[in-house]
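Fold and contact review
Below are the chains, spelled out letter by letter.
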Amino acid sequence: MRQIVCAGALVLMIGVAGPSAFHAAEMDRTPTESQIWELERSYVGHLQAEDLAGLAEFWHGEFVGWPSHATAPVDRSAAAASISSLLESVRVLSFELHPQMIRVIGDLAVVHYLLDWELENADGSRLTSSYRITHTWLEEDGRWRIVGGMSSATHAG
């Protein structure tokens, strides 16, 4: 059970529109929206590659988030420590990101997506988990970084 709960930390350190509505909207994305979705995919890819330094580059210096396992929000250093600890016992085998909605307002973007992934625990057992993810991105000096996030488990099996 500990790995199921801790998997939420991995999501952070990583919907209103249904899947069919999203596919239609996918064609209508602005270049900025497409860029941010690619950043989200890259972000989760860094988790899978266990690239902590690369992952930290996505977080703004004032980052705050609330992973599903935590009783309170965490800052950037606590998020990094949590992911580092978690990756000692859990490995991301595969993931699928399902964009749900994005809203870009000037230099701020809010994204919502579903994340399905398969994890392997230290004992070799496998776990499939699904999460709802919200990230808030801020663009400064031409670079988008995550300033806030929250994850919520939808189911595990």
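Residues numbered from 1 in each chain as written. Predicted model: local features only at pLDDT ≥ 70, side-chain atom pairs only at ≥ 80, totals over all residues. Heavy atoms only, no water.

Residues of the chain with pLDDT of at least 70 account for 81%, and the chain-wide mean is 84. Contacts for the low-pLDDT stretch residues 1–24, under 50 throughout, to residues beyond four places or in other chains number 74 contacts. (pLDDT = per-residue confidence, 0-100. Contact = heavy atoms within 4.5 Å.)

Below, the discussion takes up the pattern of salt bridges. A side chain with one charge may pair with a side chain of the opposite charge, provided their charged atoms come close. If you walk through the whole model with that rule in mind, you get 5 salt bridges. Measuring nitrogen to oxygen at the nearest pair gives 3.5 Å for the salt bridge that ties arginine 143 to glutamate 57. One end of the pair, arginine 143, is in strand 6 (residues 143–156); the other, glutamate 57, is in the loop between helix 4 (52–56) and strand 1 (59–66), and 86 residues separate them in sequence. Sharing partners across several salt bridges, the network here consists of Glu57, Arg143 and Arg145. (Salt bridge = Lys/Arg side-chain N within 4 Å of Asp/Glu carboxyl O. Helix = DSSP H or I, 4+ residues; strand = E, 2+ residues; numbered from the N terminus.)

As enumerated under the stated definition, the model contains 5 aromatic pairs in all. With a centroid separation of 6.4 Å and an interplanar angle of 75°, the aromatic rings of tryptophan 117 and tyrosine 131 are classed as edge-to-face. Of the two residues, tryptophan 117 is situated in strand 4 (residues 108–121) and tyrosine 131 in strand 5 (residues 126–140); the sequence distance between them amounts to 14 residues. An aromatic cluster is built from Tyr43, Phe58 and Trp137, whose rings are joined through pairwise contacts. (Phe/Tyr/Trp six-rings, centres within 6.5 Å; stacked < 30°, edge-to-face > 60°.)

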